[in-house]
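Chain and residue survey
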Amino acid sequence: MAPSFDLWAKGSHKGTPVVVKMENPNWSMFELEGPSEDDFLIGNTPTGSREKARGKNAKQLTWVLLLKAHRAAGCLTSLGSAFVSLGSAVRRRVASGRTDADSTSSNENKTVKTSFYNCIKVFLWLSLLLLGFEIAAYFKGWHFDAPKLQLQYVFTSPYGVRDVFDWVYTRWVLIRVEYLAPPLQFLSNFCIVLFLIQSLDRLILCLGCFWIRLKKIKPIPKQDAVADLESGENGFFPMVLVQIPMCNEKEVYQQSIGAVCNLDWPKSKILIQILDDSDDPTTQLLIKEEVHKWQQEGVNIVYRHRIIRDGYKAGNLKSAMGCSYVKDCEFVAIFDADFQPTPDFLKRTVPHFKDNEDVGLVQARWSFVNKDENLLTRLQNINLAFHFEVEQQVNGIFLNFFGFNGTAGVWRIKALEESGGWLERTTVEDMDIAVRAHLKGWKFVFLNDVECQCEVPESYEAYRKQQHRWHSGPMQLFRLCLPDIIRAKISVWKKFNLIFLFFLLRKLILPFYSFTLFCIILPMTMFVPEAELPAWVVCYIPATMSFLNILPAPKSFPFIVPYLLFENTMSVTKFNAMISGLFQLGSAYEWVVTKKSGRSSEGDLVSLVEKKPKHHRVGSEPNLEEMKADLQQEQEQKARKKKHNRIYTKELSLAFLLLTASARSLLSAQGIHFYFLLFQGISFLLVGLDLIGEQVL
């Protein structure tokens, strides 16, 4: 018995201590001891010891309950504050009275916009009417069992119904079964097939990206080209033309001009063109003064301004390529006004052209200085990271073809000329020239490890306009170049890739099924339950695809659910844009410059300082007193202006439609469908009230 006595001695260890820290600073730290062995030997211990143990355990339980209550109170307080803030924001939006219909710069065709909105309103009012009808039927005794309805009262009287309401509801059920459910189910199955095809395409792209990483495949320039670059003036330094097209880019022109003027390339082998389409006289003078100061520093830079902005960016580039001195250049590097290339950009891209006469384009990927600015920029970063890491890289490695991104790329001028040059027929001139060059047999190289920093839109209004142009332009181009693709002397596989994968699947089918399936068919199946939409279509496949999309940006994993909901929300804008481009409507030809904030990367600025102190200026101070006075007056006016956001009517109408459908799904106890509709409706509500992204002037 001695060993047993020593084992349960007073000084022995009595369980594992648990340290608990209260969040409220008025509470102090204390220890909760785990249950000792005595607590498990109640039958062998004296009565007093048992009572003491029970009192001790009761005290510990009290502290644990207090801790849980404290945390629950904190959560409730946070939720209350969040709802109060949300309510205040909604009240401000409604009080301002500004909607997307008031926007004078909207690039949506008014007729299409009104018709589309009216269709959504019809669905909304119909769903509200049906919801009231279904609730009345539910309280009248009609029981719903998703997705089938139990018609237990249809033939309960000699006349087949119990009363007038039951007769009306019975007729409605028969109409659903005979006439509404079959076409809705057919459309649902059709969209599911498209969904599966597009998901398979995305899965194959991800597998290709995984294979590239596993085998460490990447484009490698000729060894002698790299050595020549490092050898000095007698090495491989072809004449490079650098172009920066811009239009009223007052916020970012200094960063971009400063970055390209510090490119590490022989001064005699580089010529910089600043292609200014600005119609603001103050902006023109600022850019011209900036160019003049860099000219005084010895940089070979010229300023060009067009009075008439024909053809937008394509017309600007086409006009610049017509200059007589361009014939002396072999390559042209293009940067949009918000792009800030690193000094070694040309040294890392141009060598890929040496001894590769069939290479027409070398494209670098984008990185973003403001990707963590707000929720909207984080979600955009997920999309664009997948686009570059997966789509562009896989297509570049395995097909030698991808869509030119319009900036941060270097073209062989001969490839541009043989492909017909820049054309003003669409608003996606970058994709247009890429398709025509591919039809001529030119190959493209994508460099995933060469990054060029830029901005993403920080306001929903700017992002919406950008996405409208990005999704209407490809449909314009598809109609224009389809005959050329069919007649081109390229392989059948390349024609299939261009027509089905590049255009139809990724530019037309994706916005079509995402809007139709999740914003129209899913809510309608709640009111026509005989048409079924499987749970794996609503939840599991979209979740898997969102997980694959977020892999290139693993730090964004906490935003996977907002990303899934936001992508479905944006399907409204993308679907509308796709229709405008496909049917050649007027809005498809309008170019709206994306609003920029003029943010810079600290790393880029430091590298410029270390390289050339006298050139490290991101901008300059114009010495014109009139310009200074104008700028000061403009800044004062902006300071007095109040920022506001708009109410987006289509998104708001769809929010109520989805929320109405979620209320109907409660009657049939469809768990996954209910939660998806509820959260998707809330997502549409937040976007419709413009509660995502920064406010705009």
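Going by an unreviewed UniProt entry, the chain carries the name Glycosyltransferase 2-like domain-containing protein and comes from Gossypium tomentosum. UniProt, in the comment section headed Subcellular location (unreviewed entry), describes the chain in these words: "Golgi apparatus membrane".

Looking only at helices and strands, the chain has 20 helices and 11 strands in total. By the burial criterion, 51% of the 697 residues in the chain qualify as buried. Sequence-distant contacts, at least 24 apart, represent 80% of the contacts inside the chain between residues at least 6 apart. Total accessible area computed for the chain in this model is approximately 33500 Å², and 61% of it derives from carbon and sulfur atoms.

Counted according to the given criterion, the structure contains 29 aromatic pairs. Aromatic pair Phe-195 and Tyr-513: ring centres 5.1 Å apart, planes at 35 degrees, arrangement tilted. In this pair, Phe-195 sits in helix 4 (residues 164-215) while Tyr-513 sits in helix 14 (residues 492-527), placing the two residues 318 residues apart along the sequence. Within the aromatic cluster, the residues linked to one another by ring pairs are Phe-339, Trp-366, Phe-388, Phe-401, Phe-402, Phe-404, Trp-411, Phe-444, Phe-446, Phe-478, Phe-502 and Phe-503. Looking at Lys-507, its charged tip hangs above the ring of Phe-502, at a distance of 4.4 Å from the centre.

Moving on, we get to the environment of Leu-361. Mapping Leu-361 onto the fold places it in strand 9 (residues 359-368). As a C-alpha pair, Leu-361 and Ala-434 span 73 residues in sequence and 8.7 Å in three-dimensional space. Apart from the residues within four sequence positions on either side, Leu-361 is in contact with Phe-353, Phe-402, Phe-404, Gly-409, Val-410, Trp-411, Lys-443, Phe-444 and Val-445.

Let us now look at the nonpolar core. Residues Ile-274, Trp-411 and Val-435 are the most contacted members of the largest nonpolar core, which totals 87 residues. No other element matches strand 11 (residues 443-454), which puts 7 residues into this core. Residue assignment places this core across two domains, with domain 1 (108-187 + 495-596 + 646-696) and domain 2 (223-456) each supplying three or more. Those residues in contact with Ile-274, other than ones at most four positions away along the chain, are Ile-244, Met-246, Ile-257, Ile-287, Val-291, Ile-301, Val-302, Tyr-303 and Arg-304. Counting residues in each nonpolar core, the second largest holds 49 residues, with Leu-505, Cys-519, Met-526 and Phe-684 among its members.

Let us look at a nonpolar patch on the surface. On the surface, Phe-210, Trp-211, Leu-214, Ile-217 and Phe-398 cluster together into a nonpolar patch covering about 520 Å² of accessible area. Counting residues per element, the nonpolar patch draws most heavily on helix 4, at 3 residues. With respect to the element layout, Trp-211 can be found in helix 4.

How each quantity is defined
- Residues numbered from 1 in each chain as written.
- Predicted model: local features only at pLDDT ≥ 70, side-chain atom pairs only at ≥ 80, totals over all residues.
- Heavy atoms only, no water.
- UniProt positions renumbered as here; feature names shortened; annotations may be inferred.
- Helix = DSSP H or I, 4+ residues; strand = E, 2+ residues; numbered from the N terminus.
- Buried < 20%, exposed > 50% of the residue type's maximum accessible area, 1.4 Å probe, protein only.
- Contact = heavy atoms within 4.5 Å.
- Areas by Shrake-Rupley, 256 points an atom, 1.4 Å probe, with all protein chains shown as cover.
- Phe/Tyr/Trp six-rings, centres within 6.5 Å; stacked < 30°, edge-to-face > 60°.
- Lys NZ or Arg CZ within 6 Å of the ring centre and 35° of its normal.
- Core = buried A, V, L, I, M, F, W, Y, C linked by side-chain atoms within 4.5 Å.
- Domains from an automatic or database assignment.
- Patch = residues over 30% accessible without salt bridge, like charges linked within 9 Å, V, L, I, M, F, W, Y side chains within 5 Å.
- Salt bridge = Lys/Arg side-chain N within 4 Å of Asp/Glu carboxyl O.

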